[in-house]
Amino acid sequence: MSRRPKIKITITDRRGKMGCHRGHHVGEVFDFDEDRGKICPMAMHCAFPYIDILRYGGTIPGQEKGKAEFCCSDADTIMVFEAEIVEEKKDEQDKADKA
């Protein structure tokens, strides 16, 4: 049975006059499965549809395959995120499939 791919989320830009209310900054990187509690709930709300699209093999029109760029819904500070599929090494996948 195939496992869902890992998703890495990176903050790539900040637009707006204020800093992020949650304290996020450009360059932060998160593992979607392990760091959910560390990511702003507003950003996670926006991320879910893109994560599902990537995990189940879909693509976002106009975006590179395996990646999705989106932003949070905070009008004061728009943080721009990139979600991307992280390819696991073959050996790690084989071990996970056998477990």
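Above: the structure in question.
Notes on the structure follow. (Residues numbered from 1 in each chain as written. Predicted model: local features only at pLDDT ≥ 70, side-chain atom pairs only at ≥ 80, totals over all residues. Heavy atoms only, no water.)

**Examining the nonpolar core**
Right, on to step 1. Formed by 21 residues in total, the largest nonpolar core has its most connected members in Ile-7, Ile-9, Ile-51, Phe-81 and Ala-83.
Right, on to step 2. Where this core is concerned, the elements lending two or more residues are β1 (6-16), α1 (41-55), β3 (67-71) and β4 (77-86).
Right, on to step 3. Considering every element that reaches this core, the biggest residue donor is α1, with 6 residues. (Core = buried A, V, L, I, M, F, W, Y, C linked by side-chain atoms within 4.5 Å. Buried < 20%, exposed > 50% of the residue type's maximum accessible area, 1.4 Å probe, protein only. Helix = DSSP H or I, 4+ residues; strand = E, 2+ residues; numbered from the N terminus.)

**A short note on the sheet that holds β1**
Right, on to step 1. One open sheet accounts for 4 strands, arranged β2-β1-β4-β3; its pairing is antiparallel. The sheet is open, and its two borders are formed by β2 (29-31) and β3, each paired with just one other strand. Across the sheet, the mean angle from the axis of one strand to that of its neighbour is 25°, orientation sign disregarded.
Right, on to step 2. In this structure, β1 lies alongside β2, joined through 3 bridges in antiparallel fashion. (Pairing = 2+ DSSP bridges. Axes fitted to C-alpha atoms, helices over the stretch in contact; angles between N-to-C directions.)

**Quick notes on the packing of aromatic side chains**
Note on aromatic pairs: each is described by the distance of the centres and the angle between the planes.
Right, on to step 1. According to the stated counting rule, one finds 3 aromatic pairs in the structure shown.
Right, on to step 2. With 5.4 Å between their ring centres and 10° between their planes, Tyr-50 and Phe-70 make a pair best called stacked. With a gap of 20 residues between them, Tyr-50 in helix α1 and Phe-70 in strand β3 connect regions that are remote in the sequence.
Right, on to step 3. With relative accessibility at 26%, the residue Tyr-50 sits in the partly exposed group.
Right, on to step 4. Ring geometry for Phe-70 against Phe-81: centres 5.4 Å apart, planes inclined by 5°, an arrangement best described as stacked. (Phe/Tyr/Trp six-rings, centres within 6.5 Å; stacked < 30°, edge-to-face > 60°.)

**Considering the side chain of Glu-28**
Right, on to step 1. Mapping Glu-28 onto the fold places it in the loop between β1 and β2.
Right, on to step 2. Within the buried core, Glu-28 has no salt-bridge partner, and the shortest N-O distance to an opposite charge, that of Arg-22, equals 8.7 Å.
Right, on to step 3. Within the structure, Glu-28 has its side chain in polar contact with the backbone nitrogen of His-25 (distance 2.8 Å).
Right, on to step 4. Look past the residues within four positions of Glu-28 in its chain and what remains in contact with it is Ile-9, Thr-10, Ile-11 and Gly-23. (Lys, Arg positive; Asp, Glu negative; His and termini not counted. Salt bridge = Lys/Arg side-chain N within 4 Å of Asp/Glu carboxyl O. Polar contact = N/O pair within 3.5 Å; in protein donor to acceptor, adjacent residues only side chain to side chain. Contact = heavy atoms within 4.5 Å.)

**A closer look at the pattern of salt bridges**
Right, on to step 1. Within the structure shown, the criterion is met by 8 salt bridges.
Right, on to step 2. Of the charged contacts, one joins Glu-64 and Lys-67 as a salt bridge, the two residues approaching to 3.9 Å between their closest N and O atoms.
Right, on to step 3. The partly exposed category is assigned to Lys-67, whose relative accessible area is 22%.
Right, on to step 4. Ionic contacts of the salt-bridge type, sharing partners, join the residues Lys-6, Asp-31 and Glu-34 into one network.

**Quick word on the environment of Gly-57**
Right, on to step 1. Inspection of the secondary structure puts Gly-57 in the loop between α1 and β3.
Right, on to step 2. Separated by 52 residues in sequence, Gly-57 and Pro-5 have C-alpha atoms that sit 9.7 Å apart.

**Points about the environment of Ile-51**
Right, on to step 1. Checked against the element boundaries, Ile-51 lands in helix α1.
Right, on to step 2. Taking C-alpha positions, Ile-51 is 9.7 Å from Lys-8, a pair spaced 43 residues apart along the chain.
Right, on to step 3. Leave out the neighbours within four places in its chain, and Ile-51 touches Ile-7, Ile-9, Phe-32 and Ala-83.

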